Amino acid sequence: MKKALLFFGLLASTAYAQDCSKLFISEYVEGWSNNKALEIYNPTNQAIDLSEYFVARYSNGSASATVANAVQLSGTVQPHDVFVAALDKQDPAGSGQEAALWDSLIARADGFFSPVYNTSNAFYWNGNDAVMLAKGTLPASSSANVTTSVGFQIIDIFGKIGEDPSGGSWTTTAPYNTGVGVGVTEDHSLIRKSAVLKGVTAQVTVFNALGEYDSIPAVTYMFDANGDTIV
């Protein structure tokens, strides 16, 4: 039995003021193995069609992303509710690169994306990758550059595009990218602080993860059927 202590904020509550008019990332999950997910919050009074949005990953400090690094979303997020988008690894028999998500993450997910890495690696982030939520339609060509494509609007950015923090994680200590301090974006879940009312829509000079998120360590181990830790 998989052990999963993953916590989703489920931020469909009055914690968010009504002056926010766009979607934003309410939780980022970078768990052990393939356990990757974004929780997207809708603060508006209208249901939002996620097929008008996409997620792009900027890997290992890359300043650009192509369509192969992105995926068009699908599904609907209801007013004042969240949509949990997770990496599409659901086969309990999967191992290695195809290892399945935690049972509780599968149960909480509203949609699954990027099942085949070579087709789309958008949801295969690690703690040193920037992730962008954007509104628009991806170009048809897999080699098209999402960064320079016209016709999309940045909705939210997690991390700093073009920056590869030392040690594989942004940390607690300024300038947050040198490996000094405690890593908070690798093997962690980060929940948006209740005071944050909108997404980051432009490149930041410095990415301080704990400036906008509270960090909760993700589970990095598993239990067997007897409840004993599998090393």
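Up top is the structure.
First things first, this report covers the structure right here in the doc. Worth saying up front: this structure is predicted, and the values here are computed from it rather than measured.

Focus on the layout of surface pockets
- The calculated volume of the largest pocket comes to roughly 180 Å³.
- In terms of lining, the largest pocket is formed by 13 residues, of which the most central are S33, N34, Q97, Y117 and Y124.
- Of the residues assigned to the lining of the largest pocket, the class counts are 6 nonpolar, 4 polar and 3 charged.

Things to note about the environment of S143
- Positionally, S143 belongs in the loop between β9 (130–135) and β10 (153–158).
- Residue classification places S143 among the exposed residues on the basis of a relative accessible area of 58%.
- A sequence separation of 76 residues divides S143 from V67, and the C-alpha atoms of the two residues are 6.0 Å apart.
- Here S141 takes part through its side chain, which lies 3.0 Å from a polar atom of the side chain of S143.

Looking at the sheet that holds strand β8 (residues 111–113)
- Spatial ordering of the open sheet is given by β8-β7-β2-β1-β11-β12, a layout of 6 strands whose pairing is mixed. Lying at the two open borders of the sheet, with one neighbouring strand each, are β8 and β12 (213–217). For this sheet, the mean angle separating the axes of adjacent strands, direction not counted, is 20 degrees.
- As paired elements, strand β1 (residues 24–30) and strand β2 (residues 36–42) share 6 bridges and run antiparallel to each other. Its bridge partner lying in β2, E30 is registered against K36.

Focus on the packing of aromatic side chains
- Scanning all chains against the criterion turns up 10 aromatic pairs.
- Ring plane angle 70 degrees and centroid distance 5.7 Å describe the contact between F24 and Y41, whose orientation is recorded as edge-to-face. Note that F24 is positioned in strand β1 and Y41 in strand β2, a separation of 17 residues in sequence.
- For F24, a relative accessible area of 0% gives the class buried.

Reading the values: the criteria
- Residues numbered from 1 in each chain as written.
- Predicted model: local features only at pLDDT ≥ 70, side-chain atom pairs only at ≥ 80, totals over all residues.
- Heavy atoms only, no water.
- 1 Å grid on protein atoms, 1.4 Å probe; cavity = no way out; pocket = protein on both sides within 12 Å on 5 of 7 lines; lining within 4 Å.
- Points joined across faces, edges and corners; volume = space filled by probe spheres on them.
- Nonpolar A, V, L, I, M, F, W, Y, C, P; charged D, E, K, R; others polar.
- Helix = DSSP H or I, 4+ residues; strand = E, 2+ residues; numbered from the N terminus.
- Buried < 20%, exposed > 50% of the residue type's maximum accessible area, 1.4 Å probe, protein only.
- Polar contact = N/O pair within 3.5 Å; in protein donor to acceptor, adjacent residues only side chain to side chain.
- Pairing = 2+ DSSP bridges.
- Axes fitted to C-alpha atoms, helices over the stretch in contact; angles between N-to-C directions.
- Phe/Tyr/Trp six-rings, centres within 6.5 Å; stacked < 30°, edge-to-face > 60°.

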